[in-house]
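A closer look at the structure
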Amino acid sequence: MDIARYRLHHLLEDYSGSSFQLSYFGRGKNSAFESEGDVDALDGKLKTEGRYYCTKYMTLERHKDLKHVRVLALEKLPLVPGDFIPLIVSKATYDENDNGLTEKAGVEESWEDEVIRKTKEFNKMSRDFPHDEKVWMAFADFQDKIASTQSKKGARLQVLEKKISILEKAMELNPDNEDLLICLMKAYQSRDSTAVLVERWERTLVQHSDSCKLWKEFIHFCLGDFSRFKVSYLRKIYSHAVRALSSAFGRLCGQIDDMAKTGSVASELTQLETGLVDIFVSLCRFEWQTGHQELATGLFQALIEYNLFCPSLLLTENSKQRLFEHFWNGDGARVGEDGALGWSAWLETEEENRQKAIATEVSFQDTEKGGWTGWSEPLSRVSENSGMNQYTEENNAIDEGNVEEDMPENIDEEDEMASLMEKLGMGINADADVEIKDTTVWMKWSEEETARCSGQWMPVREKSDNNDEAQLSREVLFEDVSDYLFSLSSEESRYYLLSHFIDFFGGPISQWSCSNSPCGIEKLLSLEGLPESLLSELHKFQVAVDEKGSSFMGINSDCSLNEISGRPDHLKFLRNAILLCIKVFPRNYVMEEALLNTEGLLETRTTSDTSIIANSRTLAKSLLKKDRQDLLLCGVYARREASSGNIDVARKIFDMALSSIKGLSSDLQSSVPLLYLWYAEMELAHSYAGDGYNSLSQQRAIHILSCLGSGIEYIAFKCEVSNVQLLRARQGYKQQLKNLRSVWARGDIKESSTALVCSAALFERLTSGWTAAHRIYEEALSMALPGRRSQNLQLESLFVHFTSMYQKNLKLSNFSKSWEIMLQGLQLYPYNPKIFAAMMEVARLYTVPNKIRRILDQYIHEKPSITVYLFALAYEMGKSSSHHRIHGLFERALANDELHRSVFLWRFYLEYEIHVSCNLVAARRVFFRAIHACPWSKKLWLEGFLRLNSILSAKELSDLQDVMREKELLLRTDIYEILLQDEITM
């Protein structure tokens, strides 16, 4: 009798041909390992670990004598053809090539056996593949797994020493591998003291001074070292990093001839420059978060002026800095300020004024030649008179001083002030430090300090009318910015700097970097609040899983929002800056869109009517008047009109732009697919808007896309598209996509080409169905090399369109196909919030809650990013899960080496304990852990004064302020000001 053959499914198919392991345990009804939710069967220690610690696996690992069954996929297993396997088949074995070891398909082994076996395997692989960093990293990670099972500290230290020796051997064989070096330095951090570790870092950076990644890791280490943290100390490190990297770039440029800066060499130079910009932006964010907002703003202004508006002169770096010092110390407006012209234009204006002044002086001297110049005193008489005048002025000053001394004093006023000072403890004989016993005073101080931090962020110029000490301290001198100035050689790097600048001040800018890029990940970790794009996705997800429909996570919105975003003063500053900078980047629709959106936000922030777009419309028209061939600007303008409900106006603008394509240069016509795609997407969005479905708008979209596919001259929509035109469009798309294959294979992937793919897929979905559209997306993604997919912004945008096609029509699409696409997208772009939100929406509609939790468990284990944790927290809070479960999730997130320095996560944890858990004692513990982990965040320190004044004593609050001063965080309010205000109001 035979049995049916077992067909391998996804997991076994992926691992066919190689050995893998699965933990096997009983599935009895009363088994403690059957359900993760059965916490009652576990001991107290496991109960405190939390839901997301996978308790069943932890319980298994605690029993070292428990035998595991190791299931081996046999590469040379003799298979019997057919769909059935006879029962008389003998047990299969396999032989390893080198040692001839024979094992059965199921082998029982204890934890000690597994350690011995894996150690042998890693030793063998490290000998066979000594330059494969993944082997060494996996070997080191396995030591961490061993150490986690050791209960004694001495045993854990022995394992740590073994891990360090493994990584040191790896570095001997791979001396230039940055990832291995960083892993080794983190291992040293677990063993060595801070002083020894700093010395190791300094020696390492001397040898690898051109490594942006190593400088970033060293900065992160110094930021998290509470005992050594000071603002001035970190500024020196940032200065050393900027100097070292800019010098390395100069040396690299000097070694390479200008004609040779192509291909990989140009890419290496650009990568070094963008890494330098990342470190500079990190410095600006650090200055902002420590309270030095004026310096952060001034640094951005200085570097943008230094690179985007540099005079077209052949200058050395030293000469360029001296000339820039003249501009910085002058009275010209800087970028972002009203009336700013840019450094180059200001210098030309100064030169014109100087020439005019010289010409005026020369003409005045010419008129005086040969004529009577009037009476003049002899030189001796002039000297004598000047001496007498000086003597008279001195005597008058002395007399005035005597008169003032003889004036009667207001004794009552001085006595009253002296009495007030004595009451406040600030008399002449009082100590320097005054003990304040009322916590409400500290709360008022923190409120005033927060208000001043919010309002004081623009640098004060030297010639300001108000020259008091407080205003002078807000000046940004050339000496403050000179150490951080560097030149950017490529247009890509300058555009990268400007994008960072807009994003830093909360400008509404489209995605400008891949979510897998270091700058995108670093941005999320360094923010004190969330960007609105991620916040909206989280809010929609929580509302979907929460029947109450509460706001994001149901807590104080001040914790969630990015405080820089959307403020009128910041928006006005940004509007001025972008309007000036688009002259450097003409016909850049991302900058133009950011400008119009900023103008629109500024209107809504300053007026109550959100439908008013008069200023942004006027601005768009003025830009188009200057350049009527800017087609993408027409598209941006039309999309803004459509978002405001003016669909007919938007159609006229699109029709005008598409009708004027003929006769334009090939460079301008290359961006045409993006314009067609925007128009079609606008029509489809309008077709589903309102109460019912508008089929006419869908017909318009098909007409627009058919014109692009067939390549005919665009004409405005009049009637339904014929079958002949649909056939021509389909054939045209096939030919155009075929032409892209060779271009994409070379890595030349532009936004216009991805727009063409999206247009072709959208056309097929509207005319043929989901299968044809799906095929186009898959074929397009297969044209790019696998190594380029995960780091390319355009391919990520293409995949977002791919997933959104299924997300918007989940009820019409196939669940298994949708789920497969979401998983594929997250494998490529695990940090993309839109793809993750789409997958969560599919899971919510078609799976049970426990399935969603298992999905989140999996991604927390494999890709523990802040995005995954936030979605997990939003889900648990939306489902009103137990505080025990949510606490475990928070602790799991903050135990991560990267997420541990996320200010937002700490603030979120603190707000949760205060407003949801209502546990002030736990909130107090979280607060002190937070400021120890992120001592640079002034916002985090002030949370203690604002939120915890009822549980913190006045002495503790006073000590907190002292530590803030010691760490050199900028405090703008003196506590004596609050005391005087309270006394005066009494």
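Details of the structure are given in the entry above.
In this text the structure is predicted, and so the values were computed from the model without any measurement. (Residues numbered from 1 in each chain as written. Predicted model: local features only at pLDDT ≥ 70, side-chain atom pairs only at ≥ 80, totals over all residues. Heavy atoms only, no water.)

**Regarding the overall build of the protein**
Across its full length, the protein carries 46 helices and six strands. Counting the 986 residues in the protein, one finds 47% classified as buried. Look at the contacts in the protein between residues 6 or more apart in sequence, and 67% of them connect residues 24 or more apart. Accessible surface, the protein: about 51200 Å² in total, of which carbon and sulfur atoms supply 52%. (Helix = DSSP H or I, 4+ residues; strand = E, 2+ residues; numbered from the N terminus. Buried < 20%, exposed > 50% of the residue type's maximum accessible area, 1.4 Å probe, protein only. Contact = heavy atoms within 4.5 Å. Areas by Shrake-Rupley, 256 points an atom, 1.4 Å probe, with all protein chains shown as cover.)

**Looking at a nonpolar patch on the surface**
Taken together, the side chains of Phe815, Leu845 and Tyr846 make up a nonpolar region of the molecular surface, amounting to roughly 260 Å² of accessible area. Tracing the backbone shows Tyr846 in helix 38 (residues 833–846). (Patch = residues over 30% accessible without salt bridge, like charges linked within 9 Å, V, L, I, M, F, W, Y side chains within 5 Å. Salt bridge = Lys/Arg side-chain N within 4 Å of Asp/Glu carboxyl O.)

**Remarks on the packing of helix 5 (residues 133–148) against helix 6 (residues 153–173)**
In the contact formed by helix 5 and helix 6, the axes pass within 9 Å of each other and the chain directions differ by 175 degrees. By the angle between their axes, helix 5 is roughly antiparallel relative to helix 6. Contacts from Trp136, Phe139, Ala140, Gln143, Asp144, Ile146 and Ala147 in helix 5 reach Arg156, Val159, Lys162, Lys163, Ile166, Leu167, Lys169, Ala170 and Leu173 in helix 6. Looking at the contact of helix 5 with helix 6, its residues break down into ten nonpolar, one polar and five charged. (Axes fitted to C-alpha atoms, helices over the stretch in contact; angles between N-to-C directions. Parallel < 35°, antiparallel > 145°, perpendicular 65-115°, else oblique. Nonpolar A, V, L, I, M, F, W, Y, C, P; charged D, E, K, R; others polar.)

**Thoughts on the side chain of His292**
Structurally, the position occupied by His292 is in the loop between helix 11 (264–289) and helix 12 (293–308). On the basis of relative accessibility, which here comes to 14%, the residue His292 falls in the buried class. Of note is the side chain of His292, whose polar atom sits 3.4 Å from the side chain of Arg235. In contact with His292, not counting residues within four places along its chain, are Val231, Arg235, Glu287, Glu968, Leu969 and Leu970. (Polar contact = N/O pair within 3.5 Å; in protein donor to acceptor, adjacent residues only side chain to side chain.)

**Looking at the nonpolar core**
Core analysis: the biggest nonpolar cluster contains 259 residues, and Phe280 and Phe501 have the highest contact counts within it. Other than its neighbours up to four places away in sequence, Phe280 contacts Leu299, Phe300, Leu303, Tyr484, Phe486 and Leu497. (Core = buried A, V, L, I, M, F, W, Y, C linked by side-chain atoms within 4.5 Å.)

**So, the packing of helix 37 (residues 815–828) against helix 38**
Look at helix 37 against helix 38: their axes get within 9 Å of each other, and the N-to-C directions meet at 150 degrees. With respect to helix 38, the element helix 37 is oriented roughly antiparallel. Helix 37 and helix 38 meet at a crossing whose hand is left-handed. From helix 37, Phe815, Trp819, Met822, Leu823, Gly825 and Leu826 reach across to helix 38, where they touch Ile835, Phe836, Ala838, Met839, Val842, Ala843 and Tyr846. Residues that form the contact of helix 37 with helix 38 fall into these classes: twelve nonpolar, one polar and no charged. (Left-handed = near helix turned anticlockwise from the far one by under 90°.)

**Quick notes on the packing of aromatic side chains**
One pass over the structure, following the stated rule, counts 50 aromatic pairs. With centroids separated by 5.9 Å and ring planes inclined at 40 degrees, the aromatic side chains of Tyr238 and Phe286 adopt a geometry described as tilted. Of this pair, Tyr238 sits in helix 10 (residues 231–255) while Phe286 is found in helix 11, placing the two residues 48 residues apart along the sequence. For the pair Tyr238 and Phe286, a shared accessibility class is recorded, and that class is buried. (Phe/Tyr/Trp six-rings, centres within 6.5 Å; stacked < 30°, edge-to-face > 60°.)

**Quick look at helix 8 (residues 194–207)**
Taking 1.5 Å per residue, 14 residues should reach 20 Å; helix 8 reaches 20 Å between its end C-alpha atoms and fits that length. Within the sequence span of helix 8, burial applies to Leu197, Val198, Trp201, Thr204 and Leu205. End-on view of helix 8: buried residues confined to an arc of 125 degrees, all on one side of the axis. Residues of helix 8 that are exposed and point over 90 degrees away from its buried face: Val206 and Gln207. (Expected span 1.5 Å × (residues − 1). Arc of directions from axis to C-beta.)

**Comments concerning the environment of Leu303**
Among the structural elements, Leu303 can be located in helix 12. Considered as a pair, Leu303 and Ser482 are 179 residues apart in the sequence and their alpha carbons are 9.6 Å apart. Apart from residues no more than four positions distant in its own chain, Leu303 is found in contact with Phe280, Tyr484, Leu485, Phe486 and Leu497.

**Section: the pattern of salt bridges**
Inspection of the entire model under this criterion finds 42 salt bridges. Residue Asp144 is joined to Lys163 by a salt bridge in which the shortest nitrogen-to-oxygen separation is 3.0 Å. With Asp144 in helix 5 and Lys163 in helix 6, this residue pair connects regions lying 19 residues apart in the sequence. With a shortest N-O distance of 3.6 Å, Asp648 and Arg651 are connected by a salt bridge. You can see Asp648 and its partner Arg651 sitting in helix 28 (residues 647–659), three residues apart, about one turn around the helix. Here the salt bridges do not stand alone but share partners, grouping Glu161, Arg191, Asp192 and Arg200 into one network.

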